[in-house]
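# Observations on the three-dimensional arrangement
Residue-level listing of the chains:
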Amino acid sequence: MESLWILIPLSVLIAVLIGCAFWWAVAGGQLDDLDAPAGRILIDDDRAPQVNPAPGARMESNDSGHPR
Amino acid sequence: MTANSGRLFHHAMPFVNTDVGSEASLICYHCGLPVASDTDFAVEIEQQRQRMCCVGCESVAQTIINAGLVDFYRHRTDFSEKVDLAALPRISPPGSLVVLEPTGSAPAFVELQLYLTGLRCAACAWLAERALEAISGVDRVAVNLTTRSARVRVDSNRVSASTIIDALARVGLGAEPVEHEARLLVRRNERRTQLLEFGVAALCMMQVMMLVVPIYLADPDEISYDARQLMAWAAWLLTLPVLLFSARPIFLSAWRTAMRRTRHAYLGMDVPVALALVLTFAASTVALITQSGQHYFDAISMFVFLLLGARWIESALRRRTAENIDRLSNARPLECVILRHYPVNEEGDTIRADQLAVDDVVSIRPGDIVPADAVIVRGESEIDEALMTGESRPVARRVGDPLFGGTVNTSSPLVVRVTATGEQTLLARLGKMVETSLMYRPQFHGIADHVARWLVPATLLASAAAAALWWQLDQSRAVEIAIVVLVVTCPCAFALAAPTALASALGRLTREGLLVTRGHLVETLASATDVVFDKTGTLTTGEMVVTSMHSEAAISRDVLQIAVALERGTAHPVARAITAHAQQHLAELGAASQIPVATSLISQAGAGVEAAVDGRTYRLGTPAFAVPRTMLAPPALPRSGEFETEVILCSVDNAQPVVYVCFRLADPIRSDAKRCVARLQASGLRVHMLSGDASGVVHATAEALGIRRENVRATQTPSQKQDYVKQLCAAGDRVVAVGDGVNDAPMLATATGSIGLAEGSTLTRVAADAVLEATRERMLTALVNAFALARRTARVIRQNLLWAFAYNLIAVPLAFAGKVTPLMAAIGMAASSLVVVLNASRLTRAPTETTMMNGK
C-alpha cells in the first residue's frame, strides 16, 4: 500500500507530461490534418517516380533534390 | 450530365437522363461514372486496358500514369472527381492568378496558399504533393486533407502560381488561391484550441476514472483511509484542468445565453450544464475537505468529455462549410480592363475589380464576368443572367441596357460604363436582403430547448425541497441528500440527449452528401410540411444539352463539322451544348480533328451566328433567324418530348437554301428528380416548384415530375419567391426551401429551413442552413435520404429524452428518501449517459437507401 504514495503522484506527473506533449504537438500543427497521414503511410514511396511527362505537361524532372 | 449517350440518327432522345442501371456494368476507371457503350476512351494502367468515360478523365489518367504515379490508383479509397472538360482548355484563366515576377538569380522563396477541389482521400493528397514536387523550383509542399488546402513553397524565379495550378489541373485537381488568409488562420487556431480542450478532457477523464473506480469497487476496509484521501485529492487535481480549461466554452456560452446575447438555439442546454458542473464540483470539494460525504469528480470529467466530443464533430462540420463559403466565388472577377481615355483612344489598363469607380469605362470580352453594375455604351451581346434570375438562357442586351455585376458576357465584346460598385450593386443588395431575412427569421426551438427551459428551476427546486425536508428529519444528512438529489437529477442524460444524436446525425449526413451549417436544420427537416424547390439548376441540371437532332436526310459528318466550325468560338451555353454534342458524334466517326475554318463570322445577339465555310454561307440559330424568308416553309419536324430551344443549321446562299439539321435543346431534369419528388410526396410533404423561367417550360417540367399544378409558379422574381415562402410560413407551415442561384437566396433565408446546392452561388451557400455536396447524379437522392435521416434523428432525440425522464422519475424519489448511495448515484449517472450515447450512435449505421421514409 505504501507504494501508492509514490505511484499516484507519479501518475499525475505523467499525465501532466502527456498533456504538455499533446499541447506541443497541437500547437506545432502536427494534428492539423487528421485524415491524410493515416492513409499516406500505406502508400509506398520505394519506387522513385519515373518522370516521363506527356507532351506539353509541365512536369519536369526533380533536380532540386529536396527531401521526401 | 455530360453530352448524352445516344445514336446519331435517332429522332427522339430520352429527355431524362435515367437508366444508370443498364450501363452500370461499365464504369469509368477514373471517376466511377457510367461509360457510354459507344465511346472508346481508355488508358493502359498496369498492363490492363481501363475504360474511361470522357476525354477529360482519359487525359488526366494518362498524365498520372506518365508521371509514374500509378500508386494513386492502387491506394485511393474513392473514385476521383469527374474531370470537367470545359476546365481543361482554360486551365489558367487570365487575370485570376497571382503571377510571380522573377526578382533575380538567387532563389526567392515564396509561400502560396491554395484551396484544392477534387481531394477525396489520402491518395489524392499524395498525388497532389507528387505532382507539385515534380516541378523544379518547388521547394516544399504540404497538402492538408482536413481543410482541403495546400501550402506550397516555391522559388518565384522559376515557378509561377499558374504553373502550380496547371500541374494540379493535369492530374484532375482544381486549385484556387486563398483570398482570405486571415480567416484561414483564425479557423486553424480555433480548431487547435478545440482539439486541445477535447484532448485534455479525454486524458484527465481517463486518469480520474482510474483513480476513482478502485474506490467504488473496493470493500470499505480494503483501501486505507489515507490512500483513499490521496486518490481523491489526485482526482481533484486532475479535474481542475477539465473544469478550468476544457469546459471553458461551455461556461462562456452559458454566460452568453444567460445574458441573452446568443441566437444559437442549440446551446440552450448550456446553462443547466454549467450550473451542474459548478455546483457538483463545489459540493465535492467541500466533501473532500470536510472529509464527509461523496465526491463526483469522475462524473464531472466524463460529462465534459462527452459534451466536447459532440461539440467537436459539430464544429468541424461548421468550419468546413465556412471554408466552402470562403472559396473564391465566381461571382466577382479579380481583375478587369479599364479604358481610361475612352472614347479618345482605347488603351486598356488591367486593374483590380474592387478599385472600379462609378462612371469608369470598362471593356468586357466574351466569356468575362461583368465586374460591377453597368450600362452598355457600345456593342451588343448576350448576357447569361442565370445568377440573378435563374433563367438558363442568355438574354440579348444592346446599347443603353443595364448589366449586373456577376453576370457573364457570352458572345461578343462590350464597352460599358459603371453605374454602381461594391455595396451598391444588385448582387450586394441581394446579399443584404439575405442577411436581413436571416436576422428576422423566427428562431427555431428544438425539443431540447423546451426541456432546458424547465430543467434548471426544477433541478434547483428539487434540491432545495430535499434539503428543507431533511432539515426537519435529520439535520446532519440534509446537505448530503441535497447534493445527491442534485447529482442524480444532474442534466447529464438530458444535456446529452440532443447533442449526441445531432452529432452522429451530422456525421452521417456529411457522408450522405449534406453538409449542415446550422444545427437546427435536422429538427426542421424532421418536422417539415412543405418543400419548395427552385427549378433551374436544382431539379434540372442547369446546363443546356442537345436532346435530339432532326433532319430530312441522313446527317453527314460534313454537316456536323460545319456546325462545330460555326459554334466553336462562342461561350454561349447553347453553342457549347451543340459543339459538345457534334464533337462527340464526330469522334465516333473518327473525324473530330478535321474541323473546317469558318470565316467572316457574324453573331447576332439572341438569334444565332452566320459564317462562311468553304465558300458557302451558313446560318445557325433560331428558326426565325436561320431559315430565310425565300424558303416558304421550314420542313415539318416530328414533335417529341419537351424542349426549350430549337436551333437550325441552314445554308443561306442565294438560290436554294437548305435546312441541314435541327438541334433541339433542353435543360434536362436531374436523373433522380422524379423519384425524389415522389418519395417526398409519399412521406406526406407538399412539394412546390418556383422558377424564373417561362410558364410553358416550367409547367411541362412540373408535369414530368408529378408536382401539382397549384404548387407551381413560373416567371418568379427573387422577391416573389420570397413572398411565396413567407406566405406558406405565415400559414403555419414548416417550409424547407431548396435552391442554387443567387435569386433563390432571399427565399432560402426566409424559409424555416433551407438547403443550397454546392454548385450554386456563394450567396446561396451563405443563406442556406445546409449545403448539398453529393455527386451530381446523387444530389436529390441525398436530399431524400437527409429527410429520412432527420426523422430518425428526431425519433432518437425523443427516445433519449424519454429515457432521461424515466430515469429521473425513478431516481429522484429514491434520492429524496435517502435510499441512493453515492455509488449508485454515480453509476446511475454514467449508465444513463451511456445509454443516450449508444442510442445516438445507432444513427451512424442506420440504413437509408432502402428503408425509406414510409416507416414514419
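Residues numbered from 1 in each chain as written. Chains lettered and ligands numbered in written order. Predicted model: local features only at pLDDT ≥ 70, side-chain atom pairs only at ≥ 80, totals over all residues.

### Overview of the overall build of chain B
Just so we agree on the cut-off: Where helices and strands are cited, they refer to DSSP runs of H or I of at least four residues and of E of at least two residues respectively, numbered from the N terminus. In this scheme every C-beta is placed from the backbone, and a residue whose C-beta has 20 or more other C-beta atoms within 10 Å is buried, one with 12 or fewer is exposed, and one in between is partly exposed. Each residue gets a C-beta atom placed from its backbone, and two residues are in contact if those atoms lie within 7 Å.
When helices and strands are counted, chain B shows 27 helices and 28 strands. Across the 856 residues of chain B, 48% fall into the buried class. Intrachain contacts of chain B at a sequence separation of at least 6 include 70% that bridge at least 24 residues.

### Focus: the overall build of chain A
Of the regular secondary structure elements, chain A holds 2 helices and 0 strands. Counting every position in chain A, which comprises 68 residues, the buried fraction comes to 7%.

### Focus on helix H2 (residues 55-66) of chain B
Each α-helix turn comprises 3.6 residues. Residues three or four places apart therefore point the same way. All names here are of chain B. What counts is decided by this rule: For a helix, the expected span equals 1.5 Å multiplied by the residue count minus one.
Taking 1.5 Å of rise per residue, the 12 residues of H2 would be expected to cover 16 Å, and the 16 Å separating its terminal C-alpha atoms lies within 8% of that figure. Among all positions in H2, only Gly56, Cys57, Glu58, Ser59, Val60, Ala61, Thr63 and Ile64 are buried. In this structure, the buried side of H2 is in contact with strand E1 (41-45), strand E2 (48-52), helix H3 (71-75), helix H4 (122-133) and helix H5 (161-170). After H2 finishes, the residue Gly68 shows a positive phi value of roughly 75°.

### A few points about the nonpolar core
Residues and elements named next belong to chain B. Under the convention used in this document: A set of buried residues qualifies as a nonpolar core if it consists of Ala, Val, Leu, Ile, Met, Phe, Trp, Tyr and Cys joined through C-beta atoms within 7 Å.
Membership of the largest hydrophobic core comes to 153 residues, with the highest contact counts inside it found for Ile300, Leu307, Val362, Ala497, Val532 and Leu783. With 18 residues, the single largest contributor to this core is helix H26 (residues 779-816). Core analysis: the second largest hydrophobic core is formed by 53 residues, Leu33, Phe72, Ala122 and Val154 among them.

### Quick look at the packing of helix H7 (residues 225-246) of chain B against helix H9 (residues 270-289) of chain B
Residues and elements named next belong to chain B. Quick reminder of the rule: Working convention: axes come from line fits to C-alpha atoms, limited for helices to the stretch in contact. Angles between N-to-C directions cover 0 to 180 degrees. Small angles under 35 degrees read as roughly parallel and large ones over 145 as roughly antiparallel, with 65 to 115 read as roughly perpendicular and the rest as oblique. Left-handed is the label given to a crossing in which the near helix is rotated counterclockwise from the far helix by less than a right angle, and right-handed is the label when the rotation is clockwise.
Between H7 and H9, whose axes approach to 11 Å, the crossing angle comes to 155°. Considering the angle they form, H7 stands roughly antiparallel to H9. The way H7 lies across H9 gives a crossing that is left-handed. Only Leu277, Phe281, Thr285 and Leu288 of H9 make contact with H7, whose side of the interface consists of Ala232, Trp236, Thr239 and Leu243.

### Notes on the pairing of E1(B)
All names here are of chain B. Operational definition: Two strands qualify as a pair provided DSSP detects at least 2 bridges between them.
Relative to E2, E1 is paired through 5 bridges, and the arrangement is antiparallel. Its bridge partner being in E2, Phe41 is matched across the sheet by Met52. Counting the residues in the hairpin turn of E1 and E2 gives 2 residues, including Glu46, whose phi is positive at 50°.

### Overview of helix H23 (residues 718-730) of chain B
For H23(B), built from 13 residues, the straight-helix expectation of 18 Å at 1.5 Å per residue is met to within 8% by its first-to-last C-alpha distance of 18 Å. Positive backbone phi, approximately 95°, marks Gly732(B), located one or two places after H23(B).

### Concerning the sheet that holds strand E11 (residues 381-384) of chain B
In a beta sheet, neighbouring strands pair by backbone hydrogen bonds and run either parallel or antiparallel. Residues and elements named next belong to chain B. Pairing in this open sheet of 3 strands is antiparallel, and the strands run E12-E11-E14 from one edge to the other. Among the strands making up the open sheet, the edge pair consists of strand E12 (395-397) and strand E14 (408-409). Pairing of E11 with E14 involves 2 bridges; the strand directions are antiparallel. Residue pairing for E14: Ile383 is matched across the bridge by Asn409.

### Digging into the sheet that holds strand E25 (residues 712-713) of chain B
Residues and elements named next belong to chain B. On the basis of which strands lie adjacent, the open sheet formed by 7 strands has the order E16-E28-E27-E26-E17-E24-E25 and mixed pairing. Every other strand in the sheet has two partners, leaving strand E16 (514-516) and E25 as the edge strands with one partner each. Across the sheet, H23 lies against strand E17 (530-534), strand E24 (686-690), E25 and strand E26 (735-739), angled at about 160° from E26, the strand it touches most.

### Quick word on unusual backbone geometry
Residues and elements named next belong to chain B. Unlike most non-glycine residues, Glu46 shows phi in positive territory, near 50°. Its place among the elements puts Glu46 in the loop between E1 and E2. One non-glycine residue with positive phi stands out, namely Asp359, at about 80°. Inspection of the secondary structure assignment puts Asp359 in the loop between strand E8 (348-352) and strand E9 (361-364).

### Observations concerning the confidence of the model for chain B
Residue and element names in this part refer to chain B. Keep this limit in mind: Per-residue confidence from the prediction method is given by pLDDT, with values spanning 0 to 100.
The share of residues in chain B with pLDDT of 70 or more is 80%, and the mean pLDDT across the chain is 76. Confidence drops under a pLDDT of 50 for residues 262-267, and excluding neighbours within four residues, the segment shows 16 contacts in the predicted structure. Confidence over residues 850-856 falls short of pLDDT 50; this stretch has 10 contacts with residues more than four positions distant or in other chains. Here the predicted complex carries an ipTM of 0.72, next to a pTM of 0.64.

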